[in-house]
Amino acid sequence: MKNGFTTKILHSDLESPIEHFAVHKPMHASVAYGYADARDLAKVFKGELSGYVYGRQGNPTTAALEAKISKMEDGIATACFSTGMAAIAAIFIALLRAGDHVVSSSFLFGNTNSLFGTLNALGCEISFVDPTGVANVAGAIRPNTRLVFVETIANPRTQIADLTRIGELCAARGVLYVVDNTMTTPYLYLPKRDKAGLIVNSLTKYIGGHGNALGGAVTDTGLFDWTRFSNIYDNYKNAQPALWGILQIRKKGLRDIGSTLAAEPAHRIATGAETLALRMEKASGNAVQLARFLAAHPKVRKVYYPGLDDHPQHRLATSLFKTYGALMSVELADGIDCFDFLNRLKLVISSSHLGDNRTLAIPIAHTIYWEMGAQRRAEMGIADSLIRLSIGIEDLDDLLGDFRQALG
Ligand SMILES: *Cc1c(COP(=O)(O)O)cnc(C)c1O
């Protein structure tokens, strides 16, 4: 019988013996690893023996976290990175070459969007499409399209990609399908069910959850046939084909760039991950109640949240995800200054992070989306009064009370 989501995480470390009968994998701070037989060191370098050689390429504490994430995502292998952005960059740097084409959702985390600009300058072409319609993705695929990249629930307007149909399309066309699962986490959604080949998670957000460690992960689901991917270097074809992709991401994207997740943040993230399911249930439950309260309030013009009946992809969200998540955005009624409103909130913190245990709020147009200018904001439907809320796990009555008093 297969264990459930939380049981698997809690008992993962103990699958191999830990010294002193400890229940946590310890923090291994060592950079170097010394071998009694120098031939073994050579074997590890050649991939004939598993082991560690140098801290930039990984450490046992981070490997224990990688094993947990593979279990959560039902993947065959995971590589961890110093941040979520490092994980995303590693995929593109390791797997793309000049002249390649990428189809991406146009609703993207801002820094991913910026990274695509860099790739463009390096000779890759990126087509941005509205992923709520699979026809938009299908129409953009070309013979040189190497991958399709989407997020699950977009930030800040909460559009939901047509994940199942895009997965079917990619499988039929033999294109690598990469899903950024940060906003949903493997507790709410398993991209593997919809045929994703690679999954990205920013561990900084819900998986770590406590706002005290940065990290990122790339998981290979085992579904993509790497023998059909033209950009694998010959050196990495000695392993079994299922591992070619993650091996190249580890070598070219992690080892060569050095965006290593150190043992201490890996340990903090692993501790946070133990309660992911409990925290997601609580935060999503709070979010549903708050969204209903805010949507009914006369001083709120609009609430964007997949759990509300009037959300354009409400039915899709119901069929895809276990809950509707904990991120929403609200537009205030005319005449209410968003800064005054934020300053009246006593519990809710004005902060740019999301996926924290604490409820956080940010005026999007004046911060994260300021640099792009008014015209681009208007095209993306970002009103000046739009506030993004990342709902935490506080007691619901306290949150409702804070919003009630701040709206006056
Ligand atoms: C935050 C975030 C990232 C980047 O993660 P970091 O750990 O901050 O680098 C990537 N994708 C999404 C959807 C995010 O929300």
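1. Looking at unusual backbone geometry
1) Next: Omega for the bond connecting asparagine 155 with proline 156 falls within 30 degrees of zero, at 10°, which places this linkage in the cis form.
2) Next: In this structure, proline 156 sits in the loop between β4 (145-151) and α7 (163-173).
3) Next: Of note in the backbone geometry, phenylalanine 21 takes a positive phi value of approximately 60° without being a glycine.
4) Next: If you trace the backbone, phenylalanine 21 turns up in the loop between α1 (5-10) and α2 (38-46).
5) Next: Its relative accessible area of 80% is what places phenylalanine 21 among the exposed residues.
6) Next: A positive phi is found at threonine 158, a non-glycine position, where the angle reads about 65°.
7) Next: Mapping threonine 158 onto the fold places it in the loop between β4 and α7.
8) Next: Its relative accessible area of 0% is what places threonine 158 among the buried residues.

2. Topic: the pattern of salt bridges
1) Next: Evaluation of the coordinates by the stated rule reveals 14 salt bridges.
2) Next: A salt bridge links glutamate 331 to arginine 301; its shortest N-O distance comes to 3.4 Å. Linking glutamate 331 in strand β9 (residues 327-332) with arginine 301 in strand β8 (residues 300-304), this pair joins segments that are 30 residues apart in sequence.
3) Next: Residue glutamate 331 is classed as buried on the basis of its relative accessible area of 9%.
4) Next: Relative accessible area serves as the criterion here: at 45%, arginine 301 is assigned to the partly exposed category.
5) Next: One salt bridge in this structure joins lysine 302 and aspartate 310, with 3.4 Å as the shortest N-O distance.
6) Next: Residue classification places lysine 302 among the partly exposed positions, given a relative accessible area of 27%.

Rules used throughout
Residues numbered from 1 in each chain as written. Predicted model: local features only at pLDDT ≥ 70, side-chain atom pairs only at ≥ 80, totals over all residues. Heavy atoms only, no water. Helix = DSSP H or I, 4+ residues; strand = E, 2+ residues; numbered from the N terminus. Buried < 20%, exposed > 50% of the residue type's maximum accessible area, 1.4 Å probe, protein only. Salt bridge = Lys/Arg side-chain N within 4 Å of Asp/Glu carboxyl O.

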